[in-house]
Amino acid sequence: MVNGVIVVRKEKGMTSFDVVARLRRIFGQKKIGHTGTLDPDAEGVLVVCIGKATKLVDDLSDGTKTYEAELLLGRVTDTQDISGTVLEEHEVRVGREEVREALLSFGGKQYQVPPMYSAIKIGGKKLVDLARKGKVVDRTPREVEFTDIVILANEPPSVRFRVTCSKGAYIRTLCEDVGRKLGCGGCMASLLRTRVRQFDLSEARTLAEIARLKAFEDAEGRAEYSFVYPIQNFFPGRPSLTVPSGIDKAVYNGNKFYLKEGRIPDMPTEDGEVLVYSSSGEFIGVYGKCGEKYSPLRIFYSPPPRMNEEAPWK
């Protein structure tokens, strides 16, 4: 089983679920999840967790994202992008400076009303499902933040810009809000996600590239794939501990254990979080060290079926 994080370059025309479905076929395993939906017409960085790394989905869903978008002024659609039904069309009479001021005015923290065409649930139902039935419901504005807004091209009615935003922000909605402020309406014409947290577009691979690279590295007999980030990489700055074989049973069952100071070389000396490995070098999870006591905080190892009895303290 493969366990880790993959940075996918999602292509246009695919849903985020399509990407996950394709990866399940490529790797032959079911436990795969993405960390942030991209619309079918959008492309760019989609961070995917596979195997035991699915426990990181919530962690990696937080944090900032960076996009390059194109705003088309003069058109309002029901989906807030050019794929939707046109609701209004207006003549665009604004100049470049007006556009620049309007767009930059959205920098900082503010409240944004989530779009109807989104996966957000209200009363147990997705907004997008209600929207497809022609229903519009009240949505509670959410606090979001836009930073580092940079205009890349400003030729009204087309405006290209780059922006970094917090979790929960919608660039489609930002485009519509800018158009509304300018008095001519607007919608999103294209969207490219260039960064998610520490993951950059330059390290993202298409599904075809991932399939080819996997086949190549399988043929070489590699134990680990070069394009899969190990789970332990996402807990930087913690000391590591490889336990002696006598404690394997405890860690394989996710139990606490005791280890006397100096019993093995290079033991952590400070209390705090420790990355624990079995005696064979398999990553088990994050433990909390308090003196000689090590208690499990986040376990990423799945124990085999019969190793479920309580392990003795060591």
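Conventions we followed
- Every residue gets a number counted from 1 within its own chain, in the order that chain's sequence is written.
- Totals for whole chains, interfaces and linings use all residues, but because this is a predicted model, local features are given only for residues with pLDDT of at least 70 and pairs of side-chain atoms are given and counted only at 80 or more.
- Working from all heavy atoms in the structure, the side-chain values ignore hydrogens and water.
- Helix and strand labels come from DSSP, where a helix needs a run of H or I of at least four residues and a strand needs a run of E of at least two; each type is numbered from the N terminus.
- To estimate the expected span of a helix, count its residues, drop one, and scale the result by 1.5 Å.
- Exposed residues in this analysis have more than 50% of their type's maximum accessible area, buried residues have under 20%, and partly exposed residues fall in between, with area computed by a 1.4 Å probe over protein chains only.
- Arc definition: it is the arc formed by the directions from the helix axis to the C-beta atoms.
- By definition in these notes, contact holds between two residues if any of their heavy atoms fall within 4.5 Å.
- Here a strand pair is declared whenever DSSP counts at least two bridges between the two strands.
- Within 6.5 Å between ring centres, the rings of Phe, Tyr and Trp (the latter by its six-membered ring) count as paired, and their orientation is classed by plane angle as stacked under 30 degrees, edge-to-face over 60, tilted in between.
- Two conditions define a charge sitting above a ring: the NZ of Lys or the CZ of Arg must be within 6 Å of the ring centre, and it must be within 35 degrees of the ring normal.

A. Inspection of helix α1 (residues 16-27) at higher detail. In a regular helix each residue adds 1.5 Å, so 12 residues correspond to 16 Å; α1 covers 17 Å between its end C-alpha atoms and thus fits that length. Listed in full, the buried residues belonging to α1 are Ser 16, Val 19, Val 20, Leu 23, Ile 26 and Phe 27. The buried side chains of α1 occupy one side of the element, clustering within an arc of 120° when seen end-on. Along α1, the residues that are exposed and aim more than 90 degrees away from the buried face are Phe 17 and Arg 25. Considering only its buried residues, α1 is in contact with β1 (4-10), β2 (32-34), β3 (43-50) and α6 (207-220).

B. Spatial organisation of the sheet that holds strand β15 (residues 257-258). Strands sit in the order β14-β16-β17-β18-β15 across an open sheet of 5 strands; the sheet is mixed. Every other strand in the sheet has two partners, leaving β14 (240-242) and β15 as the edge strands with one partner each. Summarising the sheet, β15 and strand β18 (residues 293-299) pair through 2 bridges and their orientation is antiparallel. Paired with Tyr 258 across the bridge in β18 is Lys 293.

C. Structural view of the packing of aromatic side chains. Taken as a whole and assessed by the stated rule, the structure comprises 11 aromatic pairs. Between the aromatic rings of Phe 199 and Phe 234, the centroid separation amounts to 5.9 Å while the plane-to-plane angle is 50°, which identifies the pairing as tilted. Of the two residues, Phe 199 is situated in strand β13 (residues 199-200) and Phe 234 in the loop between α6 and β14; the sequence distance between them amounts to 35 residues. Judged by its relative accessible area of 2%, Phe 199 is buried. Taking the relative accessible area as the measure of exposure, Phe 234 reaches 15% and is therefore buried. Among the aromatic residues, ring-to-ring pairing joins Phe 235, Tyr 277, Phe 283 and Phe 300 into one connected group. The ring of Phe 300 carries Lys 55 above its face, with NZ or CZ at 6.0 Å from the centroid. The aromatic ring of Phe 106 is capped on one face by Lys 181, whose charged end is 5.6 Å from the ring centroid.

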